[in-house]
Amino acid sequence: MSKENATGNREDAAIYSEIEESCDVTADKSCSSLCPFMTVHDKLKHALHCCFFLFIIGLMEYLTLGKPNVVDSSYLRPWEKYGVFFTCVLYGLRFVTLLPLPQATFNFVGMIFYNTFPGKVVLRSSPLLSPLICVRVVTRGDYPQLVKDNVARNMKTCLDTGLENFYIEVVSDQPLNLPCNPRIRELVVPEEYNTSSGAMYKARALQYCLEEKNNMLSDNDWIVHLDEETLLTPNCLRGILNFALDGKYDIGQGLITYANEEIVNWFTTLADGFRVADDMGKLQFQFKMFHKPLFSFKGSYVVTQYGTEKAVSFDNGPDGSIAEDCFFAIKAFSEGYSFNFIEGEMWEKSPFTLKDLVQQRKRWLQGILLVVHSKALPWKCKILLTLSCYAWVTIPLAVSNIILVPLYPLPSFLVLDSLMSFVGAVNIYMFIFGALKSFNLKRYGVFKYFLCLIGSVAVIPVNALLEITAVMWGYFGRKHVFYIVRKGTTPTEDVV
């Protein structure tokens, strides 16, 4: 059965289960007539999302361009009213808002032309044929109970999904005393271990795993990288198996959502809706269309073949140790390795406090800046990443237009105003889409669900202030510092 024909809807889980039991997942022509019925709800959801998305963009364009522009004639000669220098500054601040245009375009195309509400991922082959898969979790060891609980849960998910040829490896800076199990391997990084380039933090631990004396994998085996709080799902495991068995690409990544099970902080969860949309838009488009990390990728839900990871390596010095995932992606890109998007989602938690949210964004910004300015990576592989990074760095300048535009009007340029409206509309809708994708209508009910949608828009101004704080702190604060956000929800989880 093809992937397209077999994609189902979660609401039809019972029907799908009966069909799956009576049909072979590798080749099934008898069930093909049922597939349009199974996918109609997913296609309808995507179509409604596209209509809503286009409506938001159209509304923003109308509000910007649709009204007659009545401007005092003196504003048509701003260099006379404001002076040449200040006029150049004002126009420069307007053009700063276009730095996110490539990223907004990729998000728009990805969320329109690829199905953002796919159903159940169906295996294209038997799990018994899969290569060896190492599920690798890197942790500092500060939350041992969290790690133990998630190892147990992920183990159960793997077994329930039918995965046989796998083991879970936990790499820690300190002993965790995980339970003895042939499918669990605990690897403690010695304090005296140093890489040849002086890699630090998570990059150091990841490189320790690649040392010959510590490695148990062959070049054709696969590694699935998780953070200590990441939870596998049956859907992502089926997607990973399909990706590995396909064998066409060297590195893969998929969607992570943050509104599953208990929500610790509603604000940060709603704010992380932007990241969900980023996965389904920019990440999906760059991998499915170009098979390159044009804007880099994130550090969890990374699937690599061992031979690829060993060749690229995480031994990239201090500059490659703050955003080790970004450095690794661009380095692999420059060396010709190929990427693809993996179907199925993993679950994570958003930061528990606003302070952690700011610290997290600060570290990401500092790490990406180090990657952008690293002489070890060719510029041709960092062009879009650089634009994206400096769109982030200049957020304080872009936001200043909210005050400066009405105070100091300038002659308008139709194209400039239209592009600015497009960027703004895409960024606003990404928060809305994150809520649409993350929150379940059946779980929360109609009233609470719509409150989540409203909340996704309400958090935008405060989130902008937090992002500005992170940018200022990151740009002027100490570099090469790896801040780890709080992961424990109970006192016992905060004690080593």
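Refer to the structure printed above.
As the structure is a prediction and not an experimental result, all values here were calculated from the model.

S.K.: Could you clarify how one ought to interpret the overall build of the protein in this entry?
M.R.: A count of helical and extended segments in the protein gives 19 helices and seven strands. Expressed as a percentage of its 496 residues, the buried residues of the protein come to 57%. Put simply, 83% of the contacts in the protein that link residues at least 6 apart link residues at least 24 apart.

S.K.: Please clarify how the state of the cysteines should be interpreted in this entry.
M.R.: By definition, a disulfide is the covalent link that joins the sulfur atoms of two cysteine residues. One pass over the full model with this rule turns up zero disulfides. Cys-326 takes part in no disulfide bond, and the closest cysteine sulfur, belonging to Cys-389, lies 8.3 Å away. Note on Cys-326: relative accessible area 3%, which makes it buried.

S.K.: Help me understand the pairing of strand S5 (residues 251-257) in this model?
M.R.: Sheet faces and side chains relate simply in a regular strand, where the side chains alternate between the two faces. Most of S5 sits inside the fold, with seven of its seven residues counted as buried. Judged from the three bridges that link them, S5 and strand S6 (residues 302-305) form a sheet pairing that is antiparallel. When the bridges of S6 are listed, Ile-251 appears paired with Thr-304. Sheet analysis places S5 next to strand S7 (residues 339-347), joined by seven bridges and oriented parallel. By the bridge assignment for S7, Ile-251 is matched with Phe-339.

S.K.: I'm lost on the packing of helix H6 (residues 101-113) against helix H11 (residues 273-290) in this one. Help?
M.R.: Each packed pair of helices is defined by two parameters, the angle between the axes and the distance between the axes. Remark: H6 packs on H11, axes separated minimally by 7 Å, with the N-to-C direction vectors making an angle of 85°. One finds that H6 runs roughly perpendicular with respect to H11. Residue-level contacts link Gln-103, Phe-106, Asn-107, Val-109, Gly-110 and Met-111 of H6 to Ala-277, Asp-278, Met-280, Gly-281, Lys-282, Gln-284, Phe-285, Gln-286 and Phe-290 of H11. Of the residues assigned to the contact of H6 with H11, the class counts are seven nonpolar, six polar and two charged.

S.K.: I tried to follow the nonpolar core on my own but got confused; where do I start?
M.R.: Across soluble globular proteins, nonpolar side chains show a tendency to be buried alongside one another. Counting residues in hydrophobic clusters, the biggest one holds 124 residues, and the most contacted among them are Ile-133, Phe-297, Met-346 and Phe-439. Per-element tally for this core: the top contributor is helix H18 (residues 414-438), with 11 residues. Setting aside anything within four residues of it in sequence, one finds Phe-439 in contact with Ala-259, Ile-263, Trp-266, Thr-269, Leu-270, Tyr-444, Tyr-449 and Cys-452. Listed in part, the six residues of the second largest apolar core include Tyr-82, Tyr-91, Leu-93 and Leu-410.

S.K.: What am I meant to see in the side chain of Ser-338 here?
M.R.: The residue Ser-338 is located in the loop between helix H13 (324-334) and S7 in this model. On the accessibility criterion, Ser-338 (18% relative accessible area) is buried. Here Ser-338 is in contact with Lys-248, Tyr-249, Asp-250, Ile-251 and His-291, once residues within four sequence places are set aside.

S.K.: Explain the sheet that holds strand S3 (residues 184-188) here, please?
M.R.: Pairing between the strands of a sheet is mediated by backbone hydrogen bonds and can be parallel or antiparallel. Pairing in this open sheet of seven strands is mixed, and the strands run S3-S2-S1-S4-S6-S5-S7 from one edge to the other. Both outer strands of the open sheet, S3 and S7, are each paired with one neighbouring strand and no more. The mean inter-strand angle of the sheet, taken between neighbouring strand axes irrespective of direction, is 25°. Pairing of strand S1 (residues 133-139) with strand S4 (residues 222-226) involves five bridges; the strand directions are parallel. Residue pairing across strands places Arg-136 opposite His-225, the latter belonging to S4. The strands that helix H8 (residues 201-210) touches are S1, strand S2 (166-172), S3 and S4; relative to S1, the one it contacts most, it runs at about 145°.

S.K.: Can you walk me through helix H15 (residues 383-393) in this structure?
M.R.: Because the α-helix completes a turn every 3.6 residues, residues three or four places apart line up on one side. For H15, the tally of buried residues reaches eight of 11 residues, placing the bulk of the element in the interior. Within H15, the full set of buried residues consists of Leu-384, Leu-385, Thr-386, Ser-388, Cys-389, Ala-391, Trp-392 and Val-393. Looking at the buried residues of H15, the elements they touch are H6, H13, helix H14 (354-372), helix H16 (395-399) and helix H19 (441-476).

S.K.: Which parts of the structure should I look at to understand the pattern of salt bridges?
M.R.: Pairs can form between side chains of opposite charge once their charged atoms are near each other. Inspection of every chain in the model, using the stated rule, returns 18 salt bridges. Between Arg-204 and Asp-173 there is a salt bridge, with the nearest N and O atoms lying 4.0 Å from each other. Placement of the pair is Arg-204 in helix H8 and Asp-173 in the loop between S2 and S3, with a sequence separation of 31 residues. Asp-173 sits in the partly exposed class, given a relative accessible area of 35%. With a closest N to O distance of 3.4 Å, Arg-275 and Asp-272 form a salt bridge. Look at the salt bridges and you will find they share partners, linking Arg-136, Glu-169, Arg-185 and Glu-309 into a network.

Here is what the cut-offs are and how they apply
Residues numbered from 1 in each chain as written. Predicted model: local features only at pLDDT ≥ 70, side-chain atom pairs only at ≥ 80, totals over all residues. Heavy atoms only, no water. Helix = DSSP H or I, 4+ residues; strand = E, 2+ residues; numbered from the N terminus. Buried < 20%, exposed > 50% of the residue type's maximum accessible area, 1.4 Å probe, protein only. Contact = heavy atoms within 4.5 Å. Disulfide = S-S within 2.5 Å. Pairing = 2+ DSSP bridges. Axes fitted to C-alpha atoms, helices over the stretch in contact; angles between N-to-C directions. Parallel < 35°, antiparallel > 145°, perpendicular 65-115°, else oblique. Nonpolar A, V, L, I, M, F, W, Y, C, P; charged D, E, K, R; others polar. Core = buried A, V, L, I, M, F, W, Y, C linked by side-chain atoms within 4.5 Å. Salt bridge = Lys/Arg side-chain N within 4 Å of Asp/Glu carboxyl O.

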